[in-house]
Amino acid sequence: MPTRSETLARAARLRALFEAQGAALVEPPILQPADTLLDLYGEDIRARAYVTSDALRGEQMLRPDFTVPVVQMHMAHGAEPARYTYSGEVFRRQEDDPTRANEYVQVGYEVFDRTDPAAADAEVFALIAQALGELSLSPVTGDIGVLMAAVEGLETSQARKAALLRHIWRPARFRALLDRFAGRSPVPASRTALLNGDIPTDVPLTGLRTQAEIASRIAALKEDAETPALAAKDVTRIETLLAIQGVMPVALDALQSLSREMPQITDAVARVAAREAALAARGVKTETLMFEASHGRTSMEYYDGFVFGFYAVDHPQMSAIASGGRYDALTRQLGQGGEIPAVGGVMRPGLMLELEGAT
Ligand SMILES: N[C@@H](Cc1c[nH]c[nH+]1)C(=O)O
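Not measured: the values here are computed from a predicted model.

Asker: Now, about the site of the ligand: what can you tell me, with residues and values included?
Answerer: Among the 16 residues in the neighbourhood of the ligand, the closest are listed as Asp65, Thr67, Arg92, Gln106 and Tyr303. One of the side-chain nitrogen or oxygen atoms of arginine 92 is found 2.8 Å away from an oxygen atom of the ligand. One nitrogen or oxygen atom from the side chain of glutamate 110 is found 2.9 Å from a nitrogen atom belonging to the ligand. The set of elements that each furnish at least two residues to the shell around the ligand consists of strand S6 (103–112), strand S11 (322–326) and strand S12 (342–347). Partitioning the shell around the ligand into residue classes produces 6 nonpolar, 7 polar and 3 charged.

Shown next as structure tokens:
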């Protein structure tokens, strides 16, 4: 196991590589306001953040990552375009696996640049690949934007699309919702009874929900019950999309042929193709680079485009040694009227040292 000072020394060297690329050094505070920022991470990180409180500042959390505070800082007073680097600890509670660190050092690089998003994606990926050096790692890429476009273009109610979009991050629940919307799984008996008026709803309230909230939930369930089932062919297409994986040229071929049946993904697939060209122009061997349409579905919920991770070939159970992605919508959410395309990634110097020691 590397010592903390070895990890910090490696982090400083990696950060210097990004500074040499012109990135400005930023040092967001370790304590961040939880009440305003925590929701941006999604369910997984929300459950794993260390949250505490302060009489003056309210709910505070130990930063679970740097991206959200860096976006917030950039949107408040950053000049355009901008490149930032940082290094320091992030904190995430672990409940299932005691071998996973609950506090570890990240070194990151974030690009806010509207000129050429494909080139910015390639820049982040290629710089991180280079900084990882000779370690035996296998990179995997994906694109959350293709999945989002596929769901947004479905012929169904807004409410159903919104539910599917919310659950892109929870593959099992997404699957269950698709089955339900396609009429493949039965409606629970209790729901049928409620919708048939067989369950009285004007009883004295004992829970936390108000009568109005209960009424609006029942109205939403009624609307859902009246929404026609998703067409079987649409469900099959989503399944086909989720199963696409292979080296970039093969995966891209599959995406392009699927987009002839699913025109709603055409633009997102064109962005994958532009990224492949930009990666190749940066010297990345895209003929052997994996693309998996499902990649990134269990990570940060702010990703909405390119996603990537580098995994140790000989230690597949290890967390990603480096990972990142594009988060355009997050800049809008924190932008108070502004927005800018943005992408970035982090490396874990502690895991890099561990792997070097293991060989
Ligand atoms: N903040 C992300 C990594 C990342 C940086 N930039 C974009 N993504 C994480 O901690 O996993």
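The discussion continues.
Asker: Describe in detail helix H7 (residues 158–166), supporting the description with residues and values.
Answerer: Taken as a whole, H7 has its buried residues at Arg160, Lys161, Ala163 and Leu164. The arc that holds the buried residues of H7, viewed along the axis, is 160°, so those residues lie on one side. Turned more than 90 degrees off the buried face of H7, the exposed positions are Gln158 and Arg166. Tucked into the core, H7 has its buried residues touching helix H6 (144–152), helix H8 (171–181) and helix H10 (211–226).

Asker: Tell me what's going on with the UniProt feature "binding site: L-histidine" (unreviewed entry) in the chain, and back it up with residues and numbers.
Answerer: Here the UniProt feature "binding site: L-histidine" (unreviewed entry) sits at Asp65, Phe66, Thr67, Arg92, Gln106, Glu110, Arg297, Tyr302 and Tyr303. The subset of these annotated residues that lines the second largest pocket comprises Tyr302 and Tyr303. Here arginine 297 is to be found in the loop between strand S9 (290–292) and strand S10 (306–312). Discounting residues that sit within four places of it in the chain, arginine 297 has contacts with Ile144, Leu147, His167, Ile168, Trp169, Arg170, Pro171, Phe174 and Leu242. Looking at tyrosine 303, the relative accessible area reads 10%, which means it is buried. Contacts of tyrosine 303, omitting those with residues within four sequence positions, involve Ile144, Met148, Trp169, Gly324, Gly325 and Arg326.

Asker: Requested: an account of the nonpolar core, with residues and values cited.
Answerer: With 101 residues, the main nonpolar core has Phe112, Ile128, Leu132, Leu241, Leu255, Ile321 and Met347 as its most contacted residues. No other element matches the 9 residues that helix H5 (residues 117–131) contributes to this core. Leucine 132 has contacts with Leu137, Phe310, Ile321, Ala322, Met347 and Met352, leaving out every residue within four places of it along the chain.

Asker: Please provide a residue-by-residue account of the packing of aromatic side chains, values included.
Answerer: Considering all chains together, one arrives at 12 aromatic pairs under this definition. Judged by centre distance (5.6 Å) and plane angle (75°), the rings of tyrosine 84 and phenylalanine 112 are edge-to-face. Residue tyrosine 84 is found in strand S5 (residues 82–91), and its partner phenylalanine 112 is found in strand S6; the two are separated by 28 residues along the sequence. Here tyrosine 84 matches phenylalanine 112 in class, with each residue buried. Centre to centre, the rings of phenylalanine 125 and phenylalanine 306 are 6.3 Å apart; their planes meet at 55°, and the pair counts as tilted. With phenylalanine 125 in helix H5 and phenylalanine 306 in strand S10, the pair connects residues that are 181 residues apart, well separated along the chain. In this structure phenylalanine 306 comes out as buried when scored by relative accessible area, which is 1%. A connected cluster of aromatic rings, assembled from ring pairs, spans Tyr41, Tyr84, Phe112, Tyr302, Tyr303 and Tyr327. Looking at arginine 297, its charged tip hangs above the ring of phenylalanine 174, at a distance of 4.9 Å from the centre. The ring of tyrosine 104 carries arginine 348 above its face, with NZ or CZ at 3.5 Å from the centroid.

Asker: Tell me about the sheet that holds S5, and please be specific about residues and values.
Answerer: Taking strand neighbours across the sheet as the criterion, the 9 strands line up as S1-S5-S6-S12-S11-S10-S7-S9-S8 in an open arrangement whose pairing is mixed. Each edge of the open sheet is held by one strand with a lone partner, namely strand S1 (24–25) and strand S8 (245–247). Sheet strands touched by H5: S5, S6, strand S7 (137–143), S10, S11 and S12. Its angle to S12, the strand with the most contacts, is close to 10°.

Asker: Pulling in residues and values, what's your account of the sheet that holds strand S4 (residues 58–62)?
Answerer: Read from one edge of the open sheet, 3 strands run S2-S4-S3, paired in antiparallel fashion. In this open sheet, the two strands that pair with only one neighbour each are strand S2 (31–33) and strand S3 (51–54). When the angles between neighbouring strand axes are averaged without regard to direction, this sheet yields 45°. Bridge count for S3 against S4 is 4 bridges, and the pairing is antiparallel.

Parameters at a glance
Residues numbered from 1 in each chain as written. Predicted model: local features only at pLDDT ≥ 70, side-chain atom pairs only at ≥ 80, totals over all residues. Heavy atoms only, no water. Near = heavy atom within 4 Å. Polar contact = N/O pair within 3.5 Å; in protein donor to acceptor, adjacent residues only side chain to side chain. Helix = DSSP H or I, 4+ residues; strand = E, 2+ residues; numbered from the N terminus. Nonpolar A, V, L, I, M, F, W, Y, C, P; charged D, E, K, R; others polar. Buried < 20%, exposed > 50% of the residue type's maximum accessible area, 1.4 Å probe, protein only. Arc of directions from axis to C-beta. Contact = heavy atoms within 4.5 Å. UniProt positions renumbered as here; feature names shortened; annotations may be inferred. 1 Å grid on protein atoms, 1.4 Å probe; cavity = no way out; pocket = protein on both sides within 12 Å on 5 of 7 lines; lining within 4 Å. Core = buried A, V, L, I, M, F, W, Y, C linked by side-chain atoms within 4.5 Å. Phe/Tyr/Trp six-rings, centres within 6.5 Å; stacked < 30°, edge-to-face > 60°. Lys NZ or Arg CZ within 6 Å of the ring centre and 35° of its normal. Pairing = 2+ DSSP bridges. Axes fitted to C-alpha atoms, helices over the stretch in contact; angles between N-to-C directions.

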